[in-house]
Amino acid sequence: MCSGAATVAPETTGTLRELLASYARRDPPMSIAIVGNAPMPPDPARAAAIDAADLVVRMTTFAVDTPGGPPTLGRRCDVVALHRGVLASPHTFTDYTSRLYLLVEPGRLHWEPELIPGWWPADLGFVPVPNREYALPLIDLLGLDPDQPVWPTTGTLITYVMIRLFPGCDVILTGMSIMDDVDQVEFRHAWGLPVPVTAEHQLAAEAVQLRAWHAEGRIQLLS
């Protein structure tokens, strides 16, 4: 169960938290499912746990279960977290008027431009995830040098956002391949072709932090 607002900048707590809660089945949400992009074997229990959460957050090039297919990653999606380099799947912008779109942009700390890709729906707005409140503290938590072009993957960053904004909520995290392989050179996705793991990401540091949050009871890692 949620236990109140996190200690973050007032404008973030008062806006981002309220926006996220408004897309949940209940306000405040008591459970959050964060679904990464890794391909997963069918599992009816996992799919049911994702769809039963008050708030379901999916990443970038995500997949959802289709009618007639095996239950694997669930079908609900309330929030989409993506970046400017995303390769959109058929699901990324489906029913986009009913979802909240979060834009993570840690690359703006270095060389990433502000331009929105041309394929972005013209009538779709987005909410930036502030680097000052989230990306930079997480970079520090991971033991990385903020002056160097290194930053967390979208899944780890969004997990950090959720556990800060909704402390005490039941948060399940699934579909994160870095928990099993920190030496991978490409990310396999549940939809689409693999993409290379770029030099900006330090997967070992992220895996250590995710396991620490799990040990502290802040997230539940669901295989």
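Not measured: the values here are computed from a predicted model.

Points about the packing of helix α4 (residues 154-165) against helix α5 (residues 203-215)
Packed helix pairs are characterised by how far apart their axes lie and by the angle those axes make with each other. Between α4 and α5, whose axes approach to 11 Å, the crossing angle comes to 30°. Between α4 and α5, the angle falls in the class roughly parallel. Crossing of α4 against α5: the hand is left-handed. Residues Thr156, Thr159, Tyr160 and Ile163 of α4 pack against Glu206, Leu210 and Trp213 of α5.

Topic: the layout of surface pockets
As a volume, the largest pocket reaches approximately 790 Å³. Forming the boundary of the largest pocket are 35 residues, of which His83, Thr154, Phe187, Val195 and His201 lie nearest the centre. Listed by contribution, the elements that provide at least two residues to the lining of the largest pocket are α4 and β8 (195-196). For the lining of the largest pocket, the element with the highest residue contribution is α4, accounting for three residues. In terms of residue class, the lining of the largest pocket is built from 16 nonpolar, 15 polar and four charged.

Comments concerning the sheet that holds strand β4 (residues 100-104)
Adjacent strands of a sheet pair through backbone hydrogen bonds, lying either parallel or antiparallel. The parallel open sheet is built from seven strands, whose spatial order is β5-β4-β3-β2-β1-β6-β9. Bordering the open sheet on either side are β5 (127-129) and β9 (220-221), each of which pairs with just one other strand. Bridge count for strand β1 (residues 31-35) against strand β6 (residues 170-174) is five bridges, and the pairing is parallel. If you follow serine 31 over to β6, its bridge partner there is aspartate 170. Along the sheet face, helix α2 (residues 44-52) touches β1, β2 (55-59) and β6 and points at about 135° away from the line of β6.

Re the side chain of glutamate 105
By secondary structure assignment, the location of glutamate 105 is in the loop between β4 and β5. A distance of 2.7 Å separates the side chain of glutamate 105 from the side chain of arginine 84, its partner in a polar contact. Those residues in contact with glutamate 105 that lie beyond four places of it in its chain are Arg84, Glu112, Pro128 and Asn131.

Details of helix α3 (residues 131-141)
For an α-helix the count is 3.6 residues per turn, leaving residues at separations of three or four pointing the same way. Along α3, the positions that sit buried rather than exposed are Asn131, Glu133, Tyr134, Ala135, Leu138 and Ile139. Once α3 finishes, glycine 143 follows within two positions and takes phi at roughly 80°, a positive value.

Observations concerning the confidence of the model for the protein
In low-pLDDT regions, the fine details of the predicted coordinates are not to be read closely. On average, residues of the protein score 90 in pLDDT, and 94% of them are at 70 or above. Below a pLDDT of 50 lies the segment residues 1-10, which in the model reaches 30 contacts outside its immediate sequence neighbourhood of four places, other chains included.

Quick look at the pattern of salt bridges
One pass over the full model with this rule turns up five salt bridges. Residues arginine 26 and aspartate 54 are paired through a salt bridge, measuring 3.0 Å at the closest nitrogen-oxygen approach. Separated by 28 residues along the polypeptide, arginine 26 in the loop between α1 (10-22) and β1 and aspartate 54 in the loop between α2 and β2 bring together distant segments of the chain. Overall, the relative accessible area of 4% leaves aspartate 54 in the buried class.

Structural notes on the state of the cysteines
Tallied over the entire structure, the rule returns zero disulfides. Cysteine cysteine 77 shares no disulfide, and the gap to the nearest cysteine sulfur, in cysteine 169, comes to 18 Å. Judged by its relative accessible area of 11%, cysteine 77 is buried.

What about the nonpolar core?
Leu20, Ile32, Leu102, Ile158 and Met162 are the most contacted members of the largest nonpolar core, which has 44 residues in total. Top element by residues in this core is α4. It accounts for seven residues. Each residue touching methionine 162, except ones within four places of it in the same chain, is listed here: Leu20, Ile32, Ile34, Val57 and Leu102.

Some thoughts on α4
Over its 12 residues, α4 extends 16 Å from the first C-alpha to the last, a length consistent with the 16 Å expected when each residue adds 1.5 Å. For α4, the tally of buried residues reaches 12 of 12 residues, placing the bulk of the element in the interior. Turning to α4, its buried residues are Thr154, Gly155, Thr156, Leu157, Ile158, Thr159, Tyr160, Val161, Met162, Ile163, Arg164 and Leu165.

Conventions we followed
Residues numbered from 1 in each chain as written. Predicted model: local features only at pLDDT ≥ 70, side-chain atom pairs only at ≥ 80, totals over all residues. Heavy atoms only, no water. Axes fitted to C-alpha atoms, helices over the stretch in contact; angles between N-to-C directions. Helix = DSSP H or I, 4+ residues; strand = E, 2+ residues; numbered from the N terminus. Parallel < 35°, antiparallel > 145°, perpendicular 65-115°, else oblique. Left-handed = near helix turned anticlockwise from the far one by under 90°. Contact = heavy atoms within 4.5 Å. 1 Å grid on protein atoms, 1.4 Å probe; cavity = no way out; pocket = protein on both sides within 12 Å on 5 of 7 lines; lining within 4 Å. Points joined across faces, edges and corners; volume = space filled by probe spheres on them. Nonpolar A, V, L, I, M, F, W, Y, C, P; charged D, E, K, R; others polar. Pairing = 2+ DSSP bridges. Polar contact = N/O pair within 3.5 Å; in protein donor to acceptor, adjacent residues only side chain to side chain. Buried < 20%, exposed > 50% of the residue type's maximum accessible area, 1.4 Å probe, protein only. pLDDT = per-residue confidence, 0-100. Salt bridge = Lys/Arg side-chain N within 4 Å of Asp/Glu carboxyl O. Disulfide = S-S within 2.5 Å. Core = buried A, V, L, I, M, F, W, Y, C linked by side-chain atoms within 4.5 Å. Expected span 1.5 Å × (residues − 1).

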